[in-house]
Amino acid sequence: MNVIVFASRKGGTGKSTLTAHLAAQVHKASKPCLLIDADPQGSLTLWHKLRGTNEPPIKTAVNSVSGIVAAAKRDGIEWVFIDTPPNTSAVVEDAIKNATMVIIPARPGVFDVNAVQETIQTCRANRKPYAVVLNGAPASRDNAESRIVTIAREALAKFRAPVWGGQITNRSDLLMALGHGEGAREYFAEGRAAAEIGRLWAAIERSVKAIRGTSPSSGAMHKQAA
Ligand SMILES: Nc1ncnc2c1ncn2[C@@H]1O[C@H](COP(=O)(O)OP(=O)(O)OP(=O)(O)O)[C@@H](O)[C@H]1O
Ligand SMILES: [Mg+2]
């Protein structure tokens, strides 16, 4: 079983957005996924209500996720995705302790990039693989990423933070999908939002395989220099 934790000390970076879109991307009856909403704000729970299918299943955690994660393992769940609140509370620490890998979304702005440091510290202290994912970024033009994204990568390189080479662009499709309780692919399979979510998922899977030792770690995003 693999546990992917979405964490960032800063609010509004895209933790709940990425959790929902990736869960919708991954969940299949043959590859069951469990969502854990560890944020009292309940964004993921709201999306799940809008979805109305109870698939993937969701559980709410208040102070700790360990019991839910242990039960999921016994139940043969393949993927657990945990959405966490924007702080460094006990439940965030507990989620990170249970993580196979931590995804730290950050918007490409100076405040956001600076704020990843605390979450990175928690990952490093717990010896957990992690990667920063630039989210809400301006669109690339002619395959060239926006200057602000390049600046963010340079700043993250100073913290020696591994950063996913792609980006999740600021796209209304991502918001529209959430409003329908859907993931990007369910909302518009041929769209750019779905393609980016698909690429992010492929990168997470590659990293997890490398962490598990079932594929080489070279090129895995949690090892990638910014
Ligand atoms: N790539 C994106 N494109 C468009 N809108 C986005 C994108 N990422 C996030 N948003 C929007 O930005 C807002 C904040 O995102 P979200 O709630 O996912 O962040 P969060 O990190 O979970 O916030 P919190 O820390 O409060 O839990 C939401 O309205 C969300 O739909
Ligand atoms: Mg959230």
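Structure report, in brief. (Residues numbered from 1 in each chain as written. Chains lettered and ligands numbered in written order. Predicted model: local features only at pLDDT ≥ 70, side-chain atom pairs only at ≥ 80, totals over all residues. Heavy atoms only, no water.)

## Observations concerning the packing of helix H1 (residues 15-26) against helix H7 (residues 172-179)
The criterion, for reference: Helix axes are fitted to C-alpha atoms over the stretch in contact, other axes to C-alpha atoms as well, and angles between N-to-C directions run from 0 to 180 degrees. Put simply, DSSP marks the helices as runs of H or I at least four residues long and the strands as runs of E at least two long, and each gets a number from the N terminus on. Orientation labels follow simple angle bins: below 35 degrees gives roughly parallel, above 145 gives roughly antiparallel, 65 to 115 gives roughly perpendicular, and whatever is left gives oblique. Two residues qualify as a contact provided that any one of their heavy atoms is within 4.5 Å of a heavy atom in the partner residue. Following the grouping adopted for this structure description, the nonpolar residues are Ala, Val, Leu, Ile, Met, Phe, Trp, Tyr, Cys and Pro, the charged ones are Asp, Glu, Lys and Arg, and the polar ones are all others, Gly among them.
Two numbers describe how H1 lies on H7: the axes approach to 11 Å, and their chain directions differ by 70 degrees. Overall, the two elements H1 and H7 adopt an arrangement that is roughly perpendicular. Within the contact between the two elements, H1 uses Thr-17, Ala-20 and His-21 and H7 uses Leu-174, Ala-177 and Leu-178. Classifying every residue of the contact of H1 with H7 gives four nonpolar, two polar and no charged.

## Digging into the environment of Phe-81
The residue Phe-81 is located in strand S4 (residues 79-83) in this model. Each C-alpha atom of the pair Phe-81 and Thr-19 lies 6.6 Å from the other, and the pair is 62 residues apart in sequence. Sequence-distant contacts of Phe-81, that is, excluding residues within four places in its chain, are made with Ile-4, Phe-6, Thr-19, Leu-22, Ala-23, Val-26, Cys-33, Leu-34, Leu-35, Ile-36 and Trp-201.

## Considerations on the site of ligand 1
Note the threshold: Proximity is defined per residue: if any heavy atom of the residue lies within 4 Å of a molecule or strand, that residue is considered near it. A 3.5 Å cut-off defines polar contacts: any pair of N or O atoms within that distance qualifies, except that in protein one atom must be a possible hydrogen donor and the other a possible acceptor, and neighbouring residues in sequence count only when both atoms are side-chain atoms. The accessible surface values rely on the Shrake-Rupley method and a 1.4 Å probe; as for residues, cover is taken only from the protein chains in view.
Neighbouring ligand 1 are 19 residues; Lys-15, Ser-16, Thr-17, Asn-135 and Leu-175 lie closest to it. At 2.9 Å from an oxygen atom of ligand 1 is found a side-chain nitrogen or oxygen belonging to Ser-16. Side-chain polar atom of Thr-17 to an oxygen atom of ligand 1: 2.5 Å apart, as the coordinates give it. Considering ligand 1 on its own, with 630 Å² of exposed area, one finds that the protein chains cover 80% of that surface. When contributions to the shell around ligand 1 are tallied by element, the ones reaching two or more residues are H1, strand S6 (130-137), strand S7 (168-169) and H7. Considering each element in turn, the shell around ligand 1 owes the most residues, three residues, to H1. Residues that form the shell around ligand 1 fall into these classes: four nonpolar, 11 polar and four charged.

## Topic: the sheet that holds strand S3 (residues 58-60)
For clarity, the threshold we go by: Whether two strands pair comes down to DSSP finding at least two bridges between them.
One open sheet holds the seven strands; their spatial order is S3-S2-S4-S1-S5-S6-S7, and the pairing between them is parallel. Sheet topology places S3 and S7 at the edges, where each strand pairs with a single neighbour. In this structure, strand S1 (residues 2-6) lies alongside strand S5 (residues 101-106), joined through three bridges in parallel fashion. Each residue of the ladder has a partner; that of Val-5, found in S5, is Val-102. Set on the sheet, H1 makes contact with S1, strand S2 (33-37), S4, S5, S6 and S7; between it and S4 the angle comes to about 160 degrees.

## Observations concerning the pattern of salt bridges
Put simply, the test is: One side-chain nitrogen of Lys or Arg within 4 Å of one carboxyl oxygen of Asp or Glu is enough to make a salt bridge. The buried label goes to any residue with under 20% of its type's maximum accessible area, the exposed label to any with over 50%, and the partly exposed label to all in between, with areas taken from a 1.4 Å probe on protein chains only.
Taken as a whole and assessed by the stated rule, the structure comprises six salt bridges. Arg-153 serves as the salt-bridge partner of Glu-145, at 3.1 Å between the closest nitrogen and oxygen. Overall, the relative accessible area of 30% leaves Glu-145 in the partly exposed class. Here Arg-171 and Glu-196 are joined by a salt bridge, their closest N and O atoms 3.1 Å apart. Of this pair, Arg-171 sits in the loop between S7 and H7 while Glu-196 is found in helix H9 (residues 192-212), placing the two residues 25 residues apart along the sequence.

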